[in-house]
Amino acid sequence: MDIQMSFKGVESGILYLVPTPIGNLEDMTFRSVRILKEVDLIASEDTRNTQKLLNHFEITTPQRSFHEHNYKERIPQLIELLQEGTSIAQVSDAGMPSISDPGHELVVACIAAKIKVVALPGPTAGLTALIASGLTPQPNYFYGFLPRKKKEQLEVLNQFKQEKATVIYYESPHRIQKTVQVMMEVFGETRQAVVCRELTKLHEEYLRGTLGELNAYLKEHTIKGECCLMVEGATETVEEMIDTRSLKEQVEALIAQGLKPNDSIKEVAKRNQLKKQAVYNEYHEID
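Residues numbered from 1 in each chain as written. Predicted model: local features only at pLDDT ≥ 70, side-chain atom pairs only at ≥ 80, totals over all residues. Heavy atoms only, no water.

Overall, the coordinates contain 6 aromatic pairs when judged by the stated rule. Judged by centre distance (5.1 Å) and plane angle (70°), the rings of Phe142 and Tyr170 are edge-to-face. Of this pair, Phe142 sits in strand β6 (residues 140-145) while Tyr170 sits in strand β7 (residues 166-171), placing them 28 residues apart in sequence. Relative to Tyr170, the ring of Phe145 lies with its centre 5.7 Å away and its plane at 70°, an arrangement referred to as edge-to-face. Of this pair, Phe145 sits in strand β6 while Tyr170 sits in strand β7, and the two are 25 residues apart along the sequence. Its relative accessible area of 38% is what places Phe145 among the partly exposed residues. Here the aromatic residues Tyr141, Tyr143, Phe160 and Tyr169 are joined through ring pairs into a cluster of three or more. (Phe/Tyr/Trp six-rings, centres within 6.5 Å; stacked < 30°, edge-to-face > 60°. Helix = DSSP H or I, 4+ residues; strand = E, 2+ residues; numbered from the N terminus. Buried < 20%, exposed > 50% of the residue type's maximum accessible area, 1.4 Å probe, protein only.)

Here it is as structure tokens:
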């Protein structure tokens, strides 16, 4: 067991996790600005991006890059500095460090080394979008970015098919329509969902409707800006969610939605907890 008294008996440097604006610079807190000015070093996901923020608030603290491509070599260096008494603030490009951004591994390393970790409250896209979405805010489940390949997306989304909490995803504007289309295959066209883009910025926009309605809109409209995609939880009982169509009809429906025949057979077998060969035989009408 480990007990951390964050501001008592400080013998080494402290790692501060500092959230940064997700779009609107006015969302930077007074405390976050003060900490970035007072620490000895800022560990930044992208030093060029963070420098713009530092310039805006007249912060002259030096930076060191810390991102997904160099964190393994950086962590021992940062731990050594912290043990020597250097105070460090870790920031991502936008929002909370560690949430779909670098940071978690450094936190774990600091805890293991008995170095104090202090998180500051501030901007985070998921919950900010959720409370204005109109979907049930509690309970909620934050997932973040889905895998890019459709097969892997289906595997993840099927795990949430009976989840009753509102689920929060992040997505690129270039992939949002295809992702919504895959969600339709798993959750159905009538499941309520909300897409929020350009959060806190001038062109902030919420698209509210069913997955079917969102899919139709996104097919006709190209959107810009990182997206937060929220999907309501399941309201059906397990019995109501059982597909009453024949196995062949289920396979044909997935093929019509764009899946390859073999992948469709595999998915139907999984959904019905059957062997793939049994579904294959019925689809091809093999006795």
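Resuming the write-up.
Side-chain pairs of opposite charge can arise whenever the charged atoms involved come near each other. Applying the stated criterion across every chain, the model contains 9 salt bridges. Residue Lys150 is joined to Glu185 by a salt bridge in which the shortest nitrogen-to-oxygen separation is 2.9 Å. Taken as a pair, Lys150 in helix α6 (residues 150-159) and Glu185 in helix α7 (residues 176-187) lie far apart in primary sequence, 35 residues in all. Assessed through its relative accessible area of 28%, Lys150 is described here as partly exposed. Linking Lys201 and Glu198 is a salt bridge whose minimum nitrogen-to-oxygen distance equals 3.7 Å. Take Lys201: its relative accessible area is 38%, and that puts it in the partly exposed class. You can call Glu198 buried: its relative accessible area is 16%. (Salt bridge = Lys/Arg side-chain N within 4 Å of Asp/Glu carboxyl O.)

For the rest of this paragraph, the subject is the UniProt feature "domain: Tetrapyrrole methylase" (unreviewed entry) in the protein chain. Residues annotated by UniProt as "domain: Tetrapyrrole methylase" (unreviewed entry) correspond here to residues 15-214. As a span, residues 15-214 carries 38% helix and 20% strand, and end to end its C-alpha atoms are 42 Å apart. (UniProt positions renumbered as here; feature names shortened; annotations may be inferred.)

What follows is about the packing of helix α10 (residues 261-271) against helix α11 (residues 276-283). Between α10 and α11, whose axes approach to 8 Å, the crossing angle comes to 120°. Overall, the two elements α10 and α11 adopt an arrangement that is oblique. When the axes of α10 and α11 are compared, the crossing they make is right-handed. On α11, the residues that touch Asn262, Ile265, Val268 and Ala269 of α10 are Lys276, Val279, Tyr280 and Tyr283. (Axes fitted to C-alpha atoms, helices over the stretch in contact; angles between N-to-C directions. Parallel < 35°, antiparallel > 145°, perpendicular 65-115°, else oblique. Left-handed = near helix turned anticlockwise from the far one by under 90°. Contact = heavy atoms within 4.5 Å.)

What follows deals with unusual backbone geometry. Across the chain, the bulk of peptide bonds are trans and the bulk of non-glycine residues have phi less than zero. Each neighbour pair has its own omega, and for Gln138 with Pro139 the value is -5°, a cis peptide bond. Topologically, Pro139 is positioned in the loop between α5 (125-133) and β6. Even without being glycine, Lys114 reaches a positive phi, approximately 60°. Relative to the elements of secondary structure, Lys114 occurs in the loop between α4 (104-112) and β5 (117-119). Residues other than glycine seldom take positive phi values, yet Glu198 does so here, at roughly 55°. As for its position among the elements, Glu198 is in the loop between β8 (192-197) and β9 (205-210).

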